[in-house]
Amino acid sequence: MKFPNDFLFGAASASYQVEGAWNEDGKGLTNWDEFSKIPGKTFEGTNGDVAVDHYHRYKEDIKLMAEMGLESYRFSISWARIIPDGDGEINEKGIEFYNNLIDECLKYGIVPFATLYHWDLPLTLEKDGGWINKRTSKAFVKYANVCFKAFGDRVKNWITFNETVVFCRLGYLTGAHPPGIENDPKKYFQAIHNVFIAHAQAIKDYKKLKQFGEIGITHVFGPAFSIDDKPENKEAAYHANQYEIAWYYDPILKGEYPEYVLKQLEEKGWIPDWTEEELELLKTAAPLNDFIGLNYYQPFRVKKNDIAEEQENSRENSTGAPGNASFDNVYRTVMMDDKKYTKWGWEIAPDALLEGLRMLKADYGDVKMYITENGLGDQDPIIEGEIVDIPRIKFIEAHLKAVKEAIKEGINLKGYYAWSVIDLLSWLNGYKKQYGFIYVDHNDNLNRKKKASFYWYKQVIEERGESL
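Residues numbered from 1 in each chain as written. Predicted model: local features only at pLDDT ≥ 70, side-chain atom pairs only at ≥ 80, totals over all residues. Heavy atoms only, no water.

Peer 1: Just checking my understanding: could you explain the overall build of the protein chain for this structure?
Peer 2: Within the protein chain, the regular secondary structure consists of 15 helices and 15 strands. What you see for the protein chain is a C-alpha radius of gyration of 21 Å, in line with the 23 Å of a compact globule of 468 residues. Each principal axis of the C-alpha distribution contributes one length, and for the protein chain these read about 55 × 55 × 45 Å. A total of 468 residues make up the protein chain; the buried ones form 61% of that total. Taking the intrachain contacts of the protein chain between residues at least 6 apart in sequence as the baseline, contacts between residues at least 24 apart amount to 77%. Carbon together with sulfur atoms contributes 50% to the accessible area of the protein chain, which is approximately 18100 Å² in total. Side chains of the protein chain give 57 positive and 73 negative charges; the mean places of these two sets differ by 3 Å. (Helix = DSSP H or I, 4+ residues; strand = E, 2+ residues; numbered from the N terminus. Rg over C-alpha atoms; globule rule 2.2 N^0.38 Å. Buried < 20%, exposed > 50% of the residue type's maximum accessible area, 1.4 Å probe, protein only. Contact = heavy atoms within 4.5 Å. Areas by Shrake-Rupley, 256 points an atom, 1.4 Å probe, with all protein chains shown as cover. Lys, Arg positive; Asp, Glu negative; His and termini not counted. Charge placed at Lys NZ, Arg CZ, Asp CG, Glu CD.)

Here it is, written out as structure tokens:
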């Protein structure tokens, strides 16, 4: 079987992780421009000041994407490039950069897939409370409308937010991301709600513009499975899926928060400060979502947490590897002897992706979905000058097979975006591991080089995955 003709083979990046040019052409400062320069926050003090200089080299990078046969490029827009202080004057130079990037994609027939928010918040908004201040939600809606009007004649695929769970959890529970707050569940749930209100209003505004494109949101997709058949561990998996999936997907797709979580938040005094109008907004916006984006890297194997003491938060235990208790100490993620893992302890489980997609279809019906991120972080071996990233090829191949099987089963999947198109800056871990099809040589003027996976993905796209 070939992948259907309307299925997009793409790859992704994020503005802070690739662009650099952190203070050029009128761009404002972001929370990450400041946070990454606090000693100890990132590996070896790495930051996005230069990253891989995509801002100056986008033409070269998009030409390489075209050579690979990429059908779509998922990139994110830096809010502080468009509106430097978050909600004030528009920076025309920022508009010009993304216009040029979009036009360059279209020149080669590459579909631009734009993410409005991939964690880099204008610093002025962060200083005023960030996502726990409703000013930020209103500012986001203004920014989204500016982007729709500037780019919507050519961009027909929009993602509002990338991985709300990550920037809220790491921002307000573990302190590993800005604003660096630890163990404050009340703020965590408030931030999530404020993000979803911004998303809902942006979607309604987009539909009013009648630009005839599609809009949705991208969530982490990490389904939880019990480590065995013991009732307490099955309950732990249910609890995990309610807090990690239902809490994020229900308000977007069903227009309401899940009862199971709400009841517990009420008991603990963690209910967000919300209004009836906001809850109504979620309801009316839910049917307007055209798709949901899934960032799938691994599932979680969970058991009931039987260790009483609280764990210390650190950069290392904020990376998603198993072995940590949930923030409410109900369950613990476990590394299992019979599973396969990356060097960083992430489980390699294409079968769990397929099982998870079945769960989503059962819970949410025939919703259109894209895999908006999936890929392997590794230390790529260089043999006689060639980057021989065979583990990445095997990883992506196995997950594309799972995607193909899902489509055969009638699951409504319309695209696959590898993370990442090019080696880029990790938020916390610098350049310790690579994800891209294109290698960036930090010892030689950031020169680009095609990896083995580049040629392999090119062939997959050419034959529409027939030989997978």
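Peer 1: What's the story with the packing of helix 14 (residues 390–408) against helix 15 (residues 452–462) in this structure? I'm lost.
Peer 2: Helix-helix packing is described using two parameters, namely the angle between the two axes and the distance between the axes. Helix 15 packs onto helix 14 with a crossing angle of 25 degrees between their chain directions and a minimal axis gap of 9 Å. In terms of orientation, helix 14 lies roughly parallel with respect to helix 15. Between helix 14 and helix 15, the contacting residues are Arg392, Ile393, Ile396, Glu397 and Leu400 on the first element and Ala452, Ser453, Trp456, Tyr457 and Val460 on the second. Among the residues forming the contact of helix 14 with helix 15, the class breakdown is 7 nonpolar, 1 polar and 2 charged. (Axes fitted to C-alpha atoms, helices over the stretch in contact; angles between N-to-C directions. Parallel < 35°, antiparallel > 145°, perpendicular 65-115°, else oblique. Nonpolar A, V, L, I, M, F, W, Y, C, P; charged D, E, K, R; others polar.)

Peer 1: What should I look at first to understand the pattern of salt bridges in this one?
Peer 2: Opposite charge on two side chains makes pairing possible when the charged atoms of those side chains draw close. Under the defined criterion, the tally for this structure stands at 33 salt bridges. Between Glu244 and Arg169 there is a salt bridge, with the nearest N and O atoms lying 2.6 Å from each other. Here the residue Glu244 occupies a position in helix 10 (residues 231–253), and Arg169 occupies one in helix 8 (residues 164–172), the gap between them amounting to 75 residues. Residues Lys451 and Asp380 are paired through a salt bridge, measuring 2.5 Å at the closest nitrogen-oxygen approach. Here Lys451 is found in the loop between strand 15 (447–450) and helix 15, whereas its partner Asp380 is found in the loop between strand 10 (369–373) and strand 11 (382–383), with 71 residues between them in sequence. Residue Asp380 is classed as buried on the basis of its relative accessible area, which comes to 12%. Each of the salt bridges in this network shares a partner with another, and the network as a whole consists of Asp380, Asp389, Arg392, Asp423 and Lys451. (Salt bridge = Lys/Arg side-chain N within 4 Å of Asp/Glu carboxyl O.)

Peer 1: Help me understand the nonpolar core, please; the structure alone is not making it clear to me.
Peer 2: Note on soluble globular proteins: their nonpolar side chains tend to be buried together. The biggest cluster of nonpolar side chains holds 143 residues, and the ones touching the most others in it are Ile77, Trp131, Phe140, Phe151 and Trp158. The leading source of residues in this core is helix 9 (residues 185–209), at 12 residues. In this structure, Ala224, Ala240, Val302 and Tyr331 belong to the second largest nonpolar core, which totals 6 residues. (Core = buried A, V, L, I, M, F, W, Y, C linked by side-chain atoms within 4.5 Å.)

Peer 1: Is there a simple way to explain the packing of aromatic side chains in this structure?
Peer 2: By convention here, two paired aromatic rings are described through the distance between centres and the angle between planes. All chains considered together, the criterion is met by 53 aromatic pairs. Summarising the aromatic geometry, the rings of Phe189 and Trp270 are spaced 6.1 Å apart at their centres and angled 20 degrees between planes, so their arrangement reads as stacked. Within this pair, whereas Phe189 is found in helix 9, its partner Trp270 is found in the loop between helix 11 (259–268) and helix 12 (276–285), the two being separated by 81 residues in sequence. Trp270 carries the same exposure label as Phe189, and that label is buried. Each member of the aromatic cluster is reached from another via a ring pair, and the members are Tyr188, Phe189, Tyr243, Trp247, Tyr257, Trp270, Trp274 and Phe327. One cation-aromatic arrangement involves Lys432 over Phe43; the distance from NZ or CZ to the ring centre is 4.3 Å. When the ring centre of Trp346 is taken as origin, the NZ or CZ atom of Lys433, which lies over that ring, is 5.1 Å away. (Phe/Tyr/Trp six-rings, centres within 6.5 Å; stacked < 30°, edge-to-face > 60°. Lys NZ or Arg CZ within 6 Å of the ring centre and 35° of its normal.)

Peer 1: Teacher, can you tell me more about the pairing of strand 10 here?
Peer 2: The two faces of a sheet get side chains in turn, since along a regular strand they alternate between them. Counting buried positions along strand 10 gives 5 out of 5 residues, so the element sits mostly inside the fold. Bridge count between strand 10 and strand 13 (residues 413–419): 2 bridges; the pairing is parallel. In the sheet register, Ile371 faces strand 13, and the bridge partner there is Tyr416. (Pairing = 2+ DSSP bridges.)

Peer 1: Whenever I open this one, the sheet that holds strand 4 (residues 157–162) confuses me. Can you help?
Peer 2: Pairing between the strands of a sheet comes from backbone hydrogen bonds, and it takes one of two forms, parallel or antiparallel. Taken in spatial order, the 8 strands close into a barrel running 1-2-3-4-5-7-10-13, and their pairing is parallel. Recorded for the sheet is a direction-independent mean angle of 25 degrees between the axes of neighbouring strands. Judged from the 5 bridges that link them, strand 2 (residues 72–76) and strand 3 (residues 111–117) form a sheet pairing that is parallel. Each residue of the ladder has a partner; that of Phe75, found in strand 3, is Ala114. Most of the contacts of helix 9 go to strand 5 (residues 214–220), to which it runs at about 160 degrees, and overall it touches strand 4 and strand 5.

Peer 1: Is there a simple way to explain the pairing of strand 5 in this structure?
Peer 2: In terms of residue burial, strand 5 counts as a mostly covered element, since 5 of its 7 residues are buried. Bridging between strand 4 and strand 5 involves 4 bridges; their strand directions are parallel. When the sheet's bridge partners are listed, Asn157 is paired in strand 5 with Glu214. Where strand 5 lies against strand 7 (residues 291–295), 5 bridges are found, and the strand directions are parallel. By the bridge assignment, His219 is partnered in strand 7 with Leu294.

Peer 1: Can you help me understand the side chain of Ser137 in this one?
Peer 2: Inspection of the secondary structure puts Ser137 in helix 7 (residues 134–151). Of the polar contacts made by the side chain of Ser137, one reaches the backbone oxygen of Asn194; its length is 2.9 Å. (Polar contact = N/O pair within 3.5 Å; in protein donor to acceptor, adjacent residues only side chain to side chain.)

Peer 1: Please explain helix 13 (residues 350–364) as it appears in this structure.
Peer 2: For an α-helix the count is 3.6 residues per turn, leaving residues at separations of three or four pointing the same way. With 15 residues, helix 13 should cover 21 Å at 1.5 Å per step; its first-to-last C-alpha distance of 21 Å lies within 8% of that length. By the burial criterion, the buried members of helix 13 are Pro350, Ala352, Leu353, Leu354, Gly356, Leu357, Leu360 and Tyr364. Where helix 13 terminates, the next one or two residues include Gly365, which has phi positive at roughly 80 degrees. (Expected span 1.5 Å × (residues − 1).)

Peer 1: Please explain helix 9 as it appears in this structure.
Peer 2: Relative to the 36 Å expected for 25 residues at 1.5 Å per residue, helix 9 spans 37 Å between its end C-alpha atoms, a close match to the ideal helical length. Burial analysis of helix 9 places 18 of its 25 residues in the buried class, which makes it a mostly covered element. Directly beyond the C-terminal end of helix 9, a positive phi value near 50 degrees is found at Lys210.

Peer 1: For this particular structure, what's the right way to read the sheet that holds strand 6 (residues 224–226)?
Peer 2: Spatial ordering of the open sheet is given by 6-8-9, a layout of 3 strands whose pairing is mixed. Both outer strands of the open sheet, strand 6 and strand 9 (331–333), are each paired with one neighbouring strand and no more. Averaged over all neighbouring strand pairs, the angle between strand axes comes to 45 degrees, with direction disregarded. With 3 bridges connecting them, strand 8 (residues 300–304) and strand 9 associate as antiparallel partners. Looking at strand 9, one finds that Lys304 is bridged to Tyr331. Lying on the sheet, helix 10 is in contact with strand 6, strand 8 and strand 9; it crosses strand 8 at an angle near 125 degrees.

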